[in-house]
Structures are given as C-alpha cells and as structure tokens.
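# Descriptive structure summary
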Amino acid sequence: MASRPAKKRKLTPPQSDDEGGSRKSSSKIQKSFLVNAANWDLEQDYETRARKGKKKAKENTRLPLKLPDGRVQHVSAPADDLGSLESDEDWLEGGEDESEGEEAREKRVDEKPEIPEHQQILEAKEELAKIALMLNESPDENIGAFKALAKIGQSRIPAIQKLTLATQLAVYKDVIPGYRIRPVAEDGPEEKLSKDVRRLRTFEQSLIAGYQAYVRDLTRYAKAGRHQGGKGQGQSIASIAITCACTLLTTVPHFNFRGDLIKILVGKLSMRRVDEDFNKCLNALETLFREDEEGRPAMEAVSLLSKMMNAKEYDVNESVVNLLLHLRLLSDFSGKGSKDSVDRSNGAVGPNGKKPKAKKEFRTKRERKQIKEQKALQKDMAQADALVSHEERDRMEGETLKLVFGTYFRILKLRVPHLMGAVLEGLSRYSHLINQDFFGDLLEALKDLIRHSATSEDDTEEEEKEDEGEEAPIRNPSREALLCTTTAFALLAGQDAHNARADLHLDLSFFTTHLYQTLFPLSLNPDLELGARSLHLPDPDKPSSHTTPANTKSNKVNLQTTTVLLIRCLTAILLPPWNIRSVPPLRLAAFTKQLATVSLHMPEKSAQAVLALLADVGNTHGRKVAALWNTEERKGDGTFNPLSESVEGSNPFAATIWEGEILRRHYCPKVREGVKIVEKSLSSAER
C-alpha cells in the first residue's frame with residue numbers, strides 16, 4: 001500500500017496584533033454576505049438605476065390650440081424654465097423676449113404653406129369648370145356638386161368669389177326645370193314612391209337648397225355693394241350679383257324664390273343714383289312685365305315697387321314710376337278698376353243694361369259634332385300644357401291695377417314735382433281702365449293740382465332766391481297744368497263718354513277756361529319748344545346752374561315739348577273725337593281769335609303747329625267761325641275782351657282776325673304758307 005505524499009506548508013512571516021484583528025472582521029463580513037445572498041433580489045438595483053443618455057421628460061402645462069381650419073394643435077412648453085434663471089432680474093429682462101417668441105411660434109403654427117394668389121385663382125377655375133361639367137352632364141347623379149360650388153365661393157379672394165357667382169349662374173340656368181318645385185311637406189306622410197320618383201325628389205330638394213343658398217349670397221353681396229358705393233378695380237362683386245339676379249329673373253321667372261330676386265332689383269331701384277346696374281334692373285323688370293303671361297310675377301313686382309316708393313316717400317327716380325307703363329294689362333285687361341275695387345265686364349251690355357242675345361247660327365249635325373270634338377281636344381290640351389286660367393289671370397291683373405292706381409293717386413295728393421309728368425302720362429294711358437266711381441275723385445285731384453300750380457307760379461322767384469344753394473327738383477307749373485288738362489280729356493275719351501252720358505255727369509269747363517286764360521303766358525314762354533328734360537344752356541348769372549342728367553335717352557315718357565302738349569289740349573277741346581259736332585260756336589270763335597293773336601309771338605315751329613290746327617278747325621267748323629275773317633259780317637256787339645275770366649264772356653264775334661295780314665309777311669315761308677292754307681279751308685267750308 002502506497003503511502004500518501006507529505007503536504008508542504010507555506011511559511012509566512014509572523015503577524016502583528018492589528019493585522020490579525022482586521023482579518024477576523026473581514027472574514028465575518030464575508031460569512032454574513034454568503035449567508036444572506038440567497039434572500040436578495042439581484043435585479044432590484046438594475047430596475048431603479050437611471051438610464052444613461054436620456055433626460056427626464058417635463059410635464060406639458062400648455063393648453064392645446066384650435067386652428068381656423070378645425071385642427072387641434074398641441075403646443076409644447078418653452079425650453080427655458082423659470083427655475084433655470086439665476087435671479088428675478090434675469091426673469092424680468094427675458095420675459096418680453098419670451099412672449100415675442102411665443103407669438104412668433106403661434107404665427108408659424110397658423111400659417112400654411114403660402115400659395116400665390118394667381119395660382120389659387122387658376123386652381124379655382126379648373127375646379128369650377130370640372131364641377132360645372134359634371135352638373136351639366138348628369139345633375140341628378142352629382143347632387144353634392146351644388147354644395148361644392150358654394151364652398152369654393154367662400155374664399156377670401158374676390159376674383160374667386162366672382163368666378164363662383166358666374167359659374168353658379170350658368171349651371172342653374174341649365175339645370176332648373178320648367179316648373180316650380182313644391183315643398184315635400186305638401187305630400188302625404190305615408191306616401192309610397194317608386195325608386196325613380198324618390199330619386200327625382202332627392203335631386204329637386206338638393207337643387208332647391210343649393211339655389212336658395214345662391215340667392216342668399218346674391219342678396220348679401222348686393223346689399224354690401226349698396227353701402228360701399230361700388231368703388232374698386234374693375235367690376236365689383238355687387239354689380240356681378242345684380243347682373244346674375246337680373247338674368248335669373250328674366251330667364252327663369254317661374255321658379256322658386258322669385259320674390260327674393262325681385263327684392264334685389266327693387267333695392268337697387270330705391271337709390272336715386274343712376275348707373276349701369278340701375279339700368280340693368282329697369283330693363284329686367286320691363287322684360288318681366290312684357291313677357292308675363294301668368295299675372296302673378298307682375299303683381300309681386302308692382303307690390304314691392306309700391307311698398308318701396310311709399311317707404312321712400314316717393315323720393316325715387318322718375319323711370320321707376322314709368323315702369324308701370326310696361327304692364328301687359330294695358331292691352332289684355334278687359335275690366336275697369338280704381339285704387340279700391342275692380343269691376344269686370346261680362347261681355348257687351350245693351351242700352352237697357354242687359355246682355356243682348358247672340359244670334360244662333362244654323363249648323364248641321366256633323367258640324368256640331370266636329371265643334372264638340374274640337375272643344376274637348378282644346379280642353380285636354382289646355383290641361384296638358386298647364387295653362388293659367390283666365391279667371392286667375394284676371395284676378396291678378398285686377399290686383400295689379402289697384403296697386404297702380406293707388407300709387408298714382410298718392411303721388412297726385414303729395415304733388416311730387418319730378419313725378420307728375422310720369423303719373424299724368426300713366427293716367428292718360430290707363431284711362432280706359434279707370435272705374436267711373438273713381439273718375440270724379442281723380443278729376444278733383446287734377447283740379448287741385450292746377451290750382452296749386454297757379455298759386456305756386458307767384459312764389460317761384462322767392463323760392464329760387466331762398467334755395468339757391470340747395471339742389472331741389474325744378475317745377476314747371478305751366479307744364480303741369482297742361483299735363484292735367486290733357487289727362488282729363490284723355491280720361492273722358494277713355495270712358496267712352498258719348499255712350500255713357502246718363503251715367504257720367506262731368507263738367508270739364510274748368511280745364512277749358514284755365515287753358516284759355518294761359519294761352520298768352522304760354523306764347524311768351526322762352527322754353528316753349530323744349531321738353532321737360534331738354535338740355536338747357538347754363539345761365540352765366542346763376543351760380544348754381546346745372547343741366548339735366550344724361551340718362552333720358554332711353555326714357556320715352558314725358559318727352560313732349562310744351563307746344564305738343566298745348567296742341568293736344570286744344571285738339572281735345574276744339575275737335576273732340578267722341579262728339580266733334582257739339583262744340584259751341586262761342587268757344588270755337590274765342591279760341592280761334594286767341595290762337596291767331598298768340599301765333600304772332602310764338603317761334604316759327606309753334607306758329608306752324610297752331611296754324612295747322614286752325615286749318616283743321618276751318619275744315620270742320622268753317623261756317624261757325626267764318627265771320628271772324630269778314631269785317632262786314634260781324635255778329636256781335638260791343639268789344640272783344642281777350643282777358644275775360646270765361647271763354648263765352650270774351651265776346652269773340654265782336655272782333656276780327658286781323659293777325660292774318662301780319663302773318664302773311666312772316667319771315668318764315670312755311671308760316672306764310674300756313675296762313676294761305678287756313679284761308680283756303682275757310683273758303684271751301686263756306687261753299
């Protein structure tokens with residue numbers, strides 16, 4: 001058995017007492033560590049240890065910002081904290097810079113990448129063209145395109161807004177159907193609809209919604225331009241809105257929201273300033289009145305016009321009142337009316353007030369059958385074409401006539417100077433439609449107007465001196481009196497006076513006497529051959545001289561000169577068409593003598609017109625007035641009084657017409673020729 005080798009021990013130097021104590025303590029620590037190591041969590045120190053290279057995230061105390069386009073933007077806190085500043089002075093000095101930095105950052109957040117304006121306009125053009133093409137091809141399949149068009153128009157660039165309005169006008173003109181769309185609420189709640197009908201209803205409602213928004217935009221732009229005064233480069237957006245409204249009213253007057261379009265036009269007409277947009281509105285309403293076959297659009301327009309004029313106290317342009325002369329009821333309406341009521345004729349009325357029986361024509365059985373079938377066919381065609389019934393149209397025209405006469409009568413009572421010509425012209429045009437009950441009140445208003453004009457002639461000079469610095473409408477009392485006289489005789493002619501003598505107890509001697517008394521002043525009027533709006537040369541001695549506006553070329557109402565009005569009045573008195581043989585000889589002689597004297601003072605053209613009238617009187621009443629040209633055959637005694645207050649009291653047969661000898665030597669050859677024609681007509685009448 002082998003023996004175990006001997007173990008060698010390492011020899012160490014002897015230890016001191018301190019080294020021995022420390023070795024014992026380290027061995028104890030190592031022993032306790034090994035005993036408790038199994039109970040320790042070795043990963044705990046790793047979890048709580050901070051990661052290298054990352055800073056602690058700071059809490060964000062800023063509130064989020066909502067941008068104009070609807071997005072929410074979270075804003076981070078600034079890098080510099082208040083705690084990092086060394087002192088209060090540093091905080092005070094750096095506060096302003098910090099606030100400025102915040103504003104700059106906010107602006108940077110709000111700003112989008114800027115696109116040049118011309119680039120935006122080009123993109124809008126392409127988008128508008130694309131949408132318009134889609135709607136023209138298949139509008140029922142692109143219902144949302146109406147809202148897309150309106151959304152493009154919300155841009156802040158004026159050029160894009162104008163393009164959008166014009167594009168919408170073209171689209172709606174093509175898409176709008178030929179009928180008025182009724183609201184869905186009128187249908188039954190449980191109505192069963194087919195797929196095609198439901199699809200059509202959906203398209204109609206989207207069309208109505210888009211068109212209503214478009215009309216509202218037009219109204220808003222037109223009102224904004226009315227307050228701005230139309231200043232700007234090129235055509236303003238208000239002018240484009242008015243043009244669009246005029247086009248829609250004339251092309252699709254049957255469609256919905258017609259009243260809103262008329263309000264836009266009437267709002268523009270309420271302004272006294274006349275410009276291109278004003279004339280556009282006038283032309284649009286004239287076209288509406290002429291082409292109105294239903295009666296309701298014209299009634300709505302006249303109603304709004306009368307309300308507007310009443311609210312403005314009739315301080316409107318004269319052409320607005322002249323619009324009423326373009327109504328179709330001047331030629332279509334068969335009844336008679338006033339400002340309160342309308343009487344409709346039921347056909348021809350005999351002398352006893354009863355409708356005469358129509359003569360019965362003999363027809364064969366085949367002819368009666370053909371007529372019956374033709375009537376049934378016409379009835380079916382009328383229902384298929386949805387024609388307006390005559391009763392409904394007459395009712396609408398009757399309401400329109402009441403509004404027209406109410407407007408005219410109120411202007412007559414207020415005596416608005418610049419509207420008198422238009423009103424009197426309108427009354428003479430509508431004379432055949434005026435009710436007999438209203439006729440007496442109208443004549444009294446005309447008489448009051450003549451009396452007022454006679455008294456205002458004396459105060460004209462004083463008012464001109466007082467109002468030299470003010471621009472007021474110029475009154476012409478003599479012209480107003482002639483217009484009243486012409487209107488009174490036109491009303492009598494329109495009433496068919498020779499068939500209604502028993503009903504009409506009218507005396508027009510007031511107008512005859514007034515005209516006789518004003519012949520001398522009219523002959524000395526320097527503006528005798530000028531119209532109401534003729535251009536006058538400015539008075540060099542008058543500081544506030546001004547001419548009439550130049551927009552009267554298209555206006556054909558109240559353009560007659562004073563001479564023409566005078567001849568119209570004299571013709572109605574001396575040669576009335578309804579009873580030409582019933583003129584008294586005293587009246588004929590008095591006017592003939594007065595006109596011969598007046599022709600000496602008139603200009604050559606007016607003298608020619610008066611002599612032509614005297615020639616007509618000589619042809620018709622030659623035997624009644626022939627004694628005035630013969631000195632030996634005088635019928636009257638005493639003296640002739642040309643300034644008499646009455647026509648019959650002037651004693652005309654006591655005078656002779658000696659003025660013819662002077663007129664034979666007139667400088668104008670046409671006047672000399674006119675005198676010869678008068679004498680020739682008298683000689684032919686005596687035979």
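As the structure is a prediction and not an experimental result, all values here were calculated from the model. (Residues numbered from 1 in each chain as written. Predicted model: local features only at pLDDT ≥ 70, side-chain atom pairs only at ≥ 80, totals over all residues. Heavy atoms only, no water.)

### Observations regarding the nonpolar core
By size, the foremost hydrophobic cluster in this structure holds 146 residues, and its most contacted members are Tyr211, Leu269, Leu305, Tyr408, Leu412 and Tyr430. With residues up to four places along the chain from it excluded, the contact list for Leu412 reads Met420, Val423, Leu424, Leu427, Leu442, Ala445, Leu446 and Leu449. (Core = buried A, V, L, I, M, F, W, Y, C linked by side-chain atoms within 4.5 Å. Buried < 20%, exposed > 50% of the residue type's maximum accessible area, 1.4 Å probe, protein only. Contact = heavy atoms within 4.5 Å.)

### Digging into the packing of helix 5 (residues 145-152) against helix 6 (residues 158-175)
For the pair helix 5 and helix 6, interaxial distance at closest approach is 9 Å and the crossing angle is 155 degrees. Taken together, helix 5 and helix 6 sit at an angle that is classed as roughly antiparallel. Crossing of helix 5 against helix 6: the hand is left-handed. Across the interface between the two elements, Phe146, Leu149, Ala150 and Ile152 of helix 5 pack against Ile160, Thr164, Thr167, Gln168, Val171, Tyr172 and Val175 of helix 6. (Axes fitted to C-alpha atoms, helices over the stretch in contact; angles between N-to-C directions. Helix = DSSP H or I, 4+ residues; strand = E, 2+ residues; numbered from the N terminus. Parallel < 35°, antiparallel > 145°, perpendicular 65-115°, else oblique. Left-handed = near helix turned anticlockwise from the far one by under 90°.)

### Things to note about the environment of Leu611
Relative to the helices and strands, Leu611 resides in helix 24 (residues 604-625). A relative accessible area of 4% places Leu611 in the buried class. Setting aside residues no more than four positions away along its own chain, Leu611 makes contact with Leu663, Val671, Gly674, Val675 and Val678.

### What about the pattern of salt bridges?
Applying the stated criterion to the full structure yields 15 salt bridges. The residue Glu444 makes a salt bridge to Lys447 at a minimum N-O spacing of 3.9 Å. Of this pair, Glu444 and Lys447 both sit in helix 17 (residues 436-458), 3 residues apart, which is roughly one turn of that helix. Given a relative accessible area of 41%, Glu444 falls into the partly exposed group. Among the charged side chains, a network of salt bridges with common partners joins Asp140, Glu141 and Arg199. (Salt bridge = Lys/Arg side-chain N within 4 Å of Asp/Glu carboxyl O.)

### Looking at helix 5
Within the sequence span of helix 5, burial applies to Ala145, Phe146, Leu149 and Ile152. Along the long axis of helix 5, the arc covered by the buried residues comes to 125 degrees, so they all point the same way. Looking at helix 5, the residues exposed on the side facing more than 90 degrees away from the buried face are Lys147 and Lys151. (Arc of directions from axis to C-beta.)

### Side note on the environment of Glu123
By the element assignment, Glu123 lies in helix 4 (residues 117-137). Owing to a relative accessible area of 40%, Glu123 belongs among the partly exposed residues under this scheme. It is 9.8 Å that separates the C-alpha atoms of Glu123 and Ile160, two residues lying 37 residues apart in sequence.

### Observations regarding the side chain of Asn256
With respect to the helices and strands, the residue Asn256 is situated in the loop between helix 8 (237-251) and helix 9 (258-269). At 2.8 Å, the side chain of Asn256 and the backbone oxygen of Ile181 are in polar contact. Setting aside residues no more than four positions away along its own chain, Asn256 makes contact with Arg180, Ile181, Ile208 and Tyr211. (Polar contact = N/O pair within 3.5 Å; in protein donor to acceptor, adjacent residues only side chain to side chain.)

### Observations concerning unusual backbone geometry
Although it is not a glycine, Phe257 adopts a positive phi angle of roughly 60 degrees. With respect to the helices and strands, the residue Phe257 is situated in the loop between helix 8 and helix 9. Positive phi, close to 60 degrees, is recorded for Tyr314, a residue that is not glycine. Topologically, Tyr314 is positioned in the loop between helix 11 (296-311) and helix 12 (318-322).

### Thoughts on a positive patch on the surface
A cluster of like positive charges, contributed by Lys360, Lys365, Arg368 and Lys369, occupies part of the molecular surface. Counting through the fold element by element, Arg368 comes out in helix 14 (residues 365-384). (Patch = residues over 30% accessible without salt bridge, like charges linked within 9 Å, V, L, I, M, F, W, Y side chains within 5 Å. Areas by Shrake-Rupley, 256 points an atom, 1.4 Å probe, with all protein chains shown as cover. Lys, Arg positive; Asp, Glu negative; His and termini not counted. Charge placed at Lys NZ, Arg CZ, Asp CG, Glu CD.)

### Description of the confidence of the model for the chain
Summing up the model confidence of the chain, the mean pLDDT is 76 and the portion of residues at 70 or higher is 69%. Below a pLDDT of 50 lies the segment residues 542-556, which in the model reaches 14 contacts outside its immediate sequence neighbourhood of four places, other chains included. (pLDDT = per-residue confidence, 0-100.)

### Remarks on the packing of aromatic side chains
Aromatic ring pairs: the centre-centre distance and the angle between the two ring planes describe each pair. In the structure shown here, the tally under the stated rule is 10 aromatic pairs. The rings of Phe146, Tyr172, Phe203, Tyr211, Tyr214, Phe255 and Phe257 are connected pair by pair, giving a single aromatic cluster. A cation over a ring is seen here: Arg220 above Tyr221, with NZ or CZ 4.6 Å from the ring centre. Across the ring face of Phe510, the terminal group of Arg451 is positioned such that the distance to the ring centre comes to 5.0 Å. (Phe/Tyr/Trp six-rings, centres within 6.5 Å; stacked < 30°, edge-to-face > 60°. Lys NZ or Arg CZ within 6 Å of the ring centre and 35° of its normal.)

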